[in-house]
Amino acid sequence: MDKLLVQGGVPLHGSVKANGSKNATLPIMAAALLSAEPVIIEGVPDLMDVRTMAAVLQALGASVRFDPVDGIMNISAEVLRGNEPPLQLVQQMRASFLVLGPLLARCGRVRLSLPGGCAIGIRPVDLHLKGLTAMGAHFSMVNGCIEGETDGLKGARIYLDYPSVGATENIISAAVLARGTTILENAATEPEIVDLANFLNSMGALISGAGTTSIRVEGVSRLTGTRYKVIPDRIEAGTLLLAGIITGGEVIVENVLSDHLKPLLAKLRETGAEVEELGHSAIRAGRSGLLRAVDLKTLPYPGFPTDLQPQFMALLATCLGTGVITETVFENRFRHVEGLSCMGAQIQVDGRHAIVHGVSALTGAPVCASDLRGGAALLLAALGARGQTVISDPYHLWRGYYRLVERLQELGAKVKRVYPEPEQLISTGG
Ligand code: EPZ
């Protein structure tokens, strides 16, 4: 297995472009199953999760062509030959569960194993099933798989007990071809939901209210093809801005929608970091001195995103004073604390709270990435630390960050992927 070797303490400088959003691309790809006509998606990032979703769609009979250099993906789901994505693909990635709504709408039947993904919490799917059941689907658990069927989805009034991003996406996707009107209350308001709705509307769907907690979908009989560009990745952009600040450098991230980053920018300013919005599509971030600790609570959008909590913790670890992070979205999203502590961070975890006592500097250490954003936190901490860090299991990062190592190198970072020598491979095999 490869590792990341990071020589810390080098301030990053320069400009970097954010890619298209992973979490907007994945539901849009799944929703492409709703039309028999070709769909072209632009700005698609070349990520492991995107390739896994492409494999899921292909296994269902869709044709998927992806040009990773131009970021253009062609999907044609003219004929579907199945409604049962292979177990090993679904278990690799939670977002594969997003084919549930489109398959029920298009085929009337679906069989899915429970989804895998980052180990950040229990992550049930009850809200997806509850919403689709209200629309006339029937579900049962058979040999660890969820089997769903319907003799025709119909519009319904649905209240989500929690504004789940995935459940909102599955319900919207199912509702566009349902008979009648669906009203979804307490819906998630994330920018990725708005992007999915805009994509579906460009195919002839009638969705209004996306981005608010009340979404209305008037069912239509068919969707056409479309050409659509996904929004920039706010989490990738935030991670790169934090890299500039943590290393004491100055980074400009282009191709951002700064409105989507408001909660991060507000918290960064509170620490004393220098953050400047350059129009609506670029942000400059850096710092001129020590930063102050702040408290932080993750919440559904427009609250502070859980997907930036680990990376922000890496910054807090060297701020002046003590900050408390409260993670309200996932119950097990502090696994990066172990690695940060190995690097000298002073963090106590108490249930959903992490109390971070700032230290003057972190020091390099051997650490292990436990999940996508936790891995990003360790990489950021390593870039700002004194000495050398070796990060094991960096493959988690490839799920969500396109060419991250190369792009950090372009900003001046001393980071590289290293591969075990053949003799090491032999000696660890026994
Ligand atoms: C999406 O996951 C994102 N994934 C996650 O990004 C992100 O962390 C999360 O939204 C929150 O913003 C994609 O978009 C592909 P949820 P999702 O359903 O849809 C509970 C990353 O790092 N819940 O909003 O799975 C659930 O357990 C990833 O890029 C139920 O209880 O998130 C969690 O505690 C990781 N029942 C909370 O809601 C359900 O039926 C939020 O989950 C569904 C969810």
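Cut-offs applied
Residues numbered from 1 in each chain as written. Predicted model: local features only at pLDDT ≥ 70, side-chain atom pairs only at ≥ 80, totals over all residues. Heavy atoms only, no water. Salt bridge = Lys/Arg side-chain N within 4 Å of Asp/Glu carboxyl O. Buried < 20%, exposed > 50% of the residue type's maximum accessible area, 1.4 Å probe, protein only. Helix = DSSP H or I, 4+ residues; strand = E, 2+ residues; numbered from the N terminus. Pairing = 2+ DSSP bridges. Near = heavy atom within 4 Å. Polar contact = N/O pair within 3.5 Å; in protein donor to acceptor, adjacent residues only side chain to side chain. Areas by Shrake-Rupley, 256 points an atom, 1.4 Å probe, with all protein chains shown as cover. Nonpolar A, V, L, I, M, F, W, Y, C, P; charged D, E, K, R; others polar. Domains from an automatic or database assignment. Phe/Tyr/Trp six-rings, centres within 6.5 Å; stacked < 30°, edge-to-face > 60°.

Glancing now at the pattern of salt bridges. Side-chain pairing between opposite charges can occur once the charged atoms of the two side chains come close. This model, assessed by the stated rule, comprises 20 salt bridges. In this structure, a network of salt bridges that share partners links the residues Lys-22, Asp-49 and Arg-399.

Burial of strand 5 (residues 72-76) is one-sided: the residues Met-73 and Ile-75 facing one way are buried, the residues Ile-72, Asn-74 and Ser-76 facing the other way are not. Examined bridge by bridge, strand 3 (residues 39-42) and strand 5 share three bridges and lie antiparallel to one another. Within strand 5, the position partnered with Ile-40 by the bridge is Asn-74. Note that strand 4 (residues 63-67) and strand 5 share five bridges and pair antiparallel. Bridge pairing in strand 5 links Val-64 to Ile-75. Here strand 4 folds back onto strand 5, and the loop between the two strands holds four residues, one of which, Gly-71, carries a positive phi near 70°.

Not every one of the 22 residues close to the ligand is listed here, only the nearest: Asp-126, Leu-127, Ser-164, Asp-307 and Val-329. Contacts to the ligand include Pro-124, whose backbone N or O atom sits 3.3 Å from an oxygen atom. Contact between the ligand and Asp-126: a nitrogen atom at 2.7 Å from a side-chain N or O atom of the residue. Here the ligand, which alone exposes 840 Å², has 88% of that area covered by the protein. Mapped onto the shell around the ligand, the elements with two or more residues apiece are helix 1 (22-31), helix 5 (126-134), helix 6 (165-175) and helix 12 (372-384). When residues of the shell around the ligand are assigned to their parent elements, the largest contribution, three residues, is made by helix 5. Residues of the shell around the ligand, tallied by class, amount to 10 nonpolar, five polar and seven charged. Here the shell around the ligand spans two domains, and each of domain 1 (3-19 + 232-423) and domain 2 (22-229) adds at least three residues to it.

The next subject is the packing of aromatic side chains. Under the criterion given, the structure shown has two aromatic pairs. Here the aromatic rings of Phe-199 and Tyr-228 are separated by 5.7 Å at their centres, their planes lie at 75°, and the arrangement is edge-to-face. Taken together, the residues span a long stretch of sequence, with Phe-199 in helix 7 (residues 191-201) and Tyr-228 in strand 13 (residues 226-229) at a distance of 29 residues. As far as burial versus exposure is concerned, Phe-199 and Tyr-228 are alike and both buried. Aromatic side chains Phe-304 and Phe-312 sit 5.5 Å apart centroid to centroid with 75° between the ring planes, which places their arrangement in the edge-to-face category. Given the relative accessible area of 5%, Phe-304 is considered buried. By relative accessible area, Phe-312 is classed as buried at 0%.

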